[in-house]
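Residue-level structural notes
Take a look at the letters that make up each chain.
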Amino acid sequence: MLMAATGMVDLHTHTNQSDGLLPPEQVVQLAAQTGLRALSITDHDEIGALEVAMTIGSQLGVEVIPGTELSVSHNGFDIHILGYLIDFHHPHLLEFLHYFQGERVRRVHRILEKLNALGYPVPLETVLRKSGAGSMGRPHIADALVEVGHVPTYYEAFNRLIADGRPAFVPKVRVSAAEAVAIIHEANGLACLAHPGQNLTEPIILDVIKAGVDGIEVIHPKHTFSQRALYRQFARMYNLLETGGSDFHGGRKDGEKLGEYVIEYEKVERLKARQQQLKS
Ligand code: AMP
Ligand code: FE
Ligand code: FE
Ligand code: ZN
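Summary of the structure given here.

**Points about the overall build of the chain**
- Broken down by element type, the chain carries 10 helices and 8 strands.
- Taken against the 2.2 N^0.38 rule, which gives 19 Å for 280 residues, the C-alpha radius of gyration of the chain at 18 Å falls within 12% of a compact globule.
- Taken along the three principal axes of its C-alpha coordinates, the chain extends 55 × 45 × 40 Å.
- Here the chain, with 280 residues, has 54% of them falling under the buried criterion.
- Across the chain, contacts joining residues at least 24 apart in sequence account for 71% of those joining residues at least 6 apart.
- Per element, the accessible surface of the chain, about 12300 Å² overall, is 53% carbon and sulfur.
- Considering the chain, the positive charge centre built from 26 side chains and the negative charge centre built from 33 side chains are found 4 Å apart.

This is the structure:
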């Protein structure tokens with residue numbers, strides 16, 4: 001049964017093309033049922049969900065905004081940059097994503113070697129089955145560790161073995177924030193700092209702003225009310241767009257719901273207006 005349209009927008013979601021659990025068509029269907037007017041799919045280093053999601057979206061009356069989420073590194077901080085309204089056929093963007101997906105596969109091999117040496121062998125096939133067609137990462141290794149029976153839960157897999165700094169952790173190869181912004185701009189997109197409240201200090205946030213992002217994620221499940229207020233203030237001070245979303249992973253994370261963290265459609269209009277400015 002369809003719920004009343006809310007007319008709101010969720011600009012941060014993942015599908016099974018990265019570490020979400022649901023296929024793109026189901027994420028768009030959920031968006032329609034929730035009454036969202038627009039939705040962005042922002043898979044990690046991956047655009048594989050966008051074509052089908054946009055087709056289903058046009059059938060169901062949900063505007064699907066093409067997106068991706070890139071990982072960058074600055075002073076040892078793990079920073080995520082969202083790219084919105086990207087031309088996802090752009091050859092340089094595709095080359096860049098292809099390189100990162102290759103790096104992700106090499107990293108999974110190295111993590112599995114470490115797990116094996118620690119006495120937690122996991123078959124590569126199990127991880128491949130968990131990741132499916134899209135980009136693979138630690139969440140799929142965590143799922144595999146649970147399936148093999150080495151740990152009771154997904155969270156335990158991270159906390160005991162593969163979280164940052166834990167014994168089987170291997171860092172990702174990363175580019176700088178400025179490089180990620182440049183590749184998003186080259187593909188005609190807008191670059192926005194994702195969930196600054198998750199792990200970033202104010203000086204680091206200011207560095208990323210100087211690297212040339214167009215926007216900042218204000219609404220996110222990990223943000224407190226005072227963080228939202230602070231990031232709105234940054235947006236005003238530095239002429240940044242405000243974005244937001246649920247960071248939905250298809251129910252992977254405890255209690256998450258699509259459309260729980262939303263923004264007004266007007267914010268999408270501002271993104272589009274800024275895109276026109278950048279083009280001219
Ligand atoms: P990767 O891109 O392979 O490094 O995986 C990063 C993803 O793993 C994040 O987007 C989270 O979804 C998840 N993750 C990272 N650290 C943790 C943690 N300590 N507990 C649970 N999930 C985590
Ligand atoms: Fe994720
Ligand atoms: Fe993220
Ligand atoms: Zn995300």
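**Re the pattern of salt bridges**
- Evaluated as defined, the whole model comprises 12 salt bridges.
- With its nearest N and O atoms 2.8 Å apart, the salt bridge here joins aspartate 78 to arginine 174. Highlighted residues: aspartate 78 in strand β4 (residues 77-84) and arginine 174 in the loop between α6 (154-162) and α7 (177-186), separated in sequence by 96 residues.
- In this structure, arginine 160 and glutamate 156 form a salt bridge, with 3.1 Å as the shortest nitrogen-oxygen distance. Of this pair, arginine 160 and glutamate 156 both sit in helix α6, 4 residues apart, which is roughly one turn of that helix.
- Via salt bridges that share partners, Arg129, Lys130 and Glu147 belong to a single interconnected network.

**Quick look at the coordination of the iron ion (ligand 3)**
- Protein ligation of the iron ion (ligand 3) involves Glu69 (OE), His80 (ND1) and His195 (NE2), the donor distances falling in the range 2.1 to 2.3 Å.
- Along the chain, the residues donating to the iron ion (ligand 3) fall in the pattern E-x10-H-x114-H.
- In this model, the iron ion (ligand 3) sits 5.5 Å from the iron ion (ligand 2). Linking glutamate 69 in strand β3 (residues 63-74) with histidine 195 in the loop between β5 (190-193) and α8 (202-210), this pair joins segments that are 126 residues apart in sequence.
- For glutamate 69, a relative accessible area of 1% puts it in the buried group.

**Digging into the site of ligand 1**
- Surrounding ligand 1, one finds 13 residues, the nearest of these being Arg107, Gly137, Arg138, Phe158 and Lys172.
- At a separation of 3.3 Å, an oxygen atom of ligand 1 approaches a polar side-chain atom of arginine 104.
- Surface burial for ligand 1 is 80%, taken as the share of its 500 Å² of free accessible area covered by protein chains.
- Only α3 (91-117), α5 (138-148) and α6 provide two or more residues apiece to the shell around ligand 1.

**Quick look at the environment of valine 105**
- Relative to the assigned elements, valine 105 resides in helix α3.
- Under the relative-accessibility criterion, valine 105 is labelled partly exposed at 32%.
- With 31 residues separating them along the chain, valine 105 and methionine 136 place their C-alpha atoms 6.7 Å apart.

Quick notes on the rules
Residues numbered from 1 in each chain as written. Chains lettered and ligands numbered in written order. Predicted model: local features only at pLDDT ≥ 70, side-chain atom pairs only at ≥ 80, totals over all residues. Heavy atoms only, no water. Helix = DSSP H or I, 4+ residues; strand = E, 2+ residues; numbered from the N terminus. Rg over C-alpha atoms; globule rule 2.2 N^0.38 Å. Buried < 20%, exposed > 50% of the residue type's maximum accessible area, 1.4 Å probe, protein only. Contact = heavy atoms within 4.5 Å. Areas by Shrake-Rupley, 256 points an atom, 1.4 Å probe, with all protein chains shown as cover. Lys, Arg positive; Asp, Glu negative; His and termini not counted. Charge placed at Lys NZ, Arg CZ, Asp CG, Glu CD. Salt bridge = Lys/Arg side-chain N within 4 Å of Asp/Glu carboxyl O. Donors = N, O, S within 2.8 Å, 3.2 Å for Na, K, Ca; no water. Near = heavy atom within 4 Å. Polar contact = N/O pair within 3.5 Å; in protein donor to acceptor, adjacent residues only side chain to side chain.

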